[in-house]
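Now for the letters of each chain:
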Amino acid sequence: MDLDDILGPQRDDPLAALLREDLDRLSVTELEARAAALEGEIARIRRKIDGAVNHLASADALFKR
């Protein structure tokens, strides 16, 4: 069981705060920089997911022999 299941979502969750942030106050340059940073983070997450999936597949192959 997760703490989120017990306590609910945290108010200081950075992702939730990011999604609620008012973008109207940002310039085009700031928005472009933010988009580039988020795209970089998405790429990092996808690499982590791929590594985890490959690791799991390797473990499954090892133990199925």
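Draft legend 1. Seen up close, the overall build of the protein. Within the protein one finds three helices and zero strands. Its helices and strands in sequence order give the protein the pattern α-α-α, from N to C terminus. Relative to its 65 residues, the protein shows a buried fraction of 5%. Here the protein has roughly 6200 Å² of accessible surface; of this, 59% comes from carbon and sulfur atoms.

Draft legend 2. Fine view of a nonpolar patch on the surface. Together, Ile45, Ile49 and Val53 make up an exposed nonpolar region whose accessible area comes to about 250 Å². Positionally, isoleucine 49 belongs in helix 3 (residues 28–63). Judged by relative accessible area, isoleucine 49 falls into the partly exposed class, the value being 44%.

Draft legend 3. Broad picture of the pattern of salt bridges. Counting across every chain of the model gives three salt bridges. Between glutamate 21 and arginine 25 there is a salt bridge whose closest N-O contact spans 2.5 Å. Glutamate 21 sits in the partly exposed class, given a relative accessible area of 28%. Note that glutamate 21 and arginine 34 form a salt bridge whose closest N and O atoms lie 3.1 Å from each other. Taken together, the positions of glutamate 21 in the loop between helix 2 (14–20) and helix 3 and arginine 34 in helix 3 put the pair 13 residues apart, joining distant regions of the chain.

What counts as what
- Every chain's residues receive numbers from 1 upward, in the order its sequence appears when written.
- Only residues with pLDDT of 70 or above have their local features reported here, since the model is predicted, and side-chain atom pairs are shown and tallied only from 80 upward, although totals for entire chains, interfaces and linings are computed over all residues.
- Each side-chain value is worked out from all heavy atoms of the structure, with water and hydrogens disregarded.
- Numbering of helices and strands runs from the N terminus, with a helix taken as a DSSP run of H or I at least four residues long and a strand as a DSSP run of E at least two residues long.
- Accessibility here uses a 1.4 Å probe with only protein chains present; expressed as a share of the type maximum, an area under 20% marks a residue as buried, one over 50% as exposed, and anything in between as partly exposed.
- In these tables, accessible area is a Shrake-Rupley quantity obtained with a 1.4 Å probe, and a residue counts as shielded only by the protein chains included in the view.
- Each patch is built from residues that are more than 30% exposed by relative accessible area and take part in no salt bridge. Like charges join if they lie within 9 Å; nonpolar side chains (Val, Leu, Ile, Met, Phe, Trp, Tyr) join within 5 Å.
- Should a side-chain nitrogen of Lys or Arg be within 4 Å of a carboxyl oxygen of Asp or Glu, the pair is scored as a salt bridge.

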